[in-house]
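Below, each chain spelled out in residue letters.
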Amino acid sequence: MSNDINEDLMRKLRSALKDNPRAINILKRYLSDKVLIVWRTEDVHRAANEMEVALTEREAMTVLETLQRQHNPQLGLRWEDITGHIEAYVLGRKLTRREVSQFVKSNKLTIQR
């Protein structure tokens, strides 16, 4: 969700936040002609783990924030954009063999603390 959409949504909801049904109706009307595509930090961690890299939660969020600011609306955000950013900025640390095995065998994400 772009910052503009987020801020606009919050402005529209601010007066109704204490009135839940009213807030939901405002949200539904606001979104009636929009589509929101949401990328989560979990997606960034998964992309990093596929590259055998572990990121902190802060690094993952920074990747999303940076790509949101820099993305081309005609192309959208692609998986390659995430992996390319991680690689270009040498983020995270290499996964251990055990972590790679856990990711490959059980799809367990590794997050560097």
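Look a little higher up for the structure.
## Remarks on the overall build of the protein chain
Reasoning step 1: Within the protein chain, the secondary structure is distributed over 6 helices and 2 strands.
Reasoning step 2: Scanning the protein chain from its N terminus toward the C terminus, one meets helices and strands in the order α-α-α-β-α-α-β-α.
Reasoning step 3: For a compact globule of 113 residues, the expected C-alpha radius of gyration is about 13 Å, and the protein chain comes in at 18 Å, more than 25% above that figure.
Reasoning step 4: Looking at the protein chain as a whole, 27% of its 113 residues qualify as buried.
Reasoning step 5: For the protein chain, the share of sequence-separated contacts (at least 6 apart) that also reach a separation of at least 24 residues comes to 61%.

## Some words on unusual backbone geometry
Reasoning step 1: In the Ramachandran plot, E52 falls in the positive-phi region, its phi being about 60° despite a non-glycine side chain.
Reasoning step 2: Tracing the chain through its elements places E52 in the loop between helix 3 (41-50) and strand 1 (53-54).
Reasoning step 3: Judged by relative accessible area, E52 falls into the partly exposed class, the value being 38%.
Reasoning step 4: A positive phi angle is found at N107, which is not glycine, with a value near 60°.
Reasoning step 5: Look at N107 and you get partly exposed, because its relative accessible area is 44%.

## With respect to the pattern of salt bridges
Side chains carrying opposite charge are able to pair once their charged atoms draw close together.
Reasoning step 1: Inspection of every chain in the model, using the stated rule, returns 6 salt bridges.
Reasoning step 2: Between R46 and E42 there is a salt bridge, with its nearest N and O atoms 3.3 Å apart. Of this pair, R46 and E42 both sit in helix 3, 4 residues apart, roughly one helical turn.
Reasoning step 3: On the basis of relative accessibility, which here comes to 19%, the residue R46 falls in the buried class.
Reasoning step 4: Residue E42 is classed as partly exposed on the basis of its relative accessible area, which comes to 32%.
Reasoning step 5: With a closest N to O distance of 3.1 Å, R58 and E65 form a salt bridge.
Reasoning step 6: Beyond isolated ion pairs, a larger network of salt bridges with shared partners links R40, E42 and R46.

What counts, and where the lines are drawn
Residues numbered from 1 in each chain as written. Predicted model: local features only at pLDDT ≥ 70, side-chain atom pairs only at ≥ 80, totals over all residues. Heavy atoms only, no water. Helix = DSSP H or I, 4+ residues; strand = E, 2+ residues; numbered from the N terminus. Rg over C-alpha atoms; globule rule 2.2 N^0.38 Å. Buried < 20%, exposed > 50% of the residue type's maximum accessible area, 1.4 Å probe, protein only. Contact = heavy atoms within 4.5 Å. Salt bridge = Lys/Arg side-chain N within 4 Å of Asp/Glu carboxyl O.

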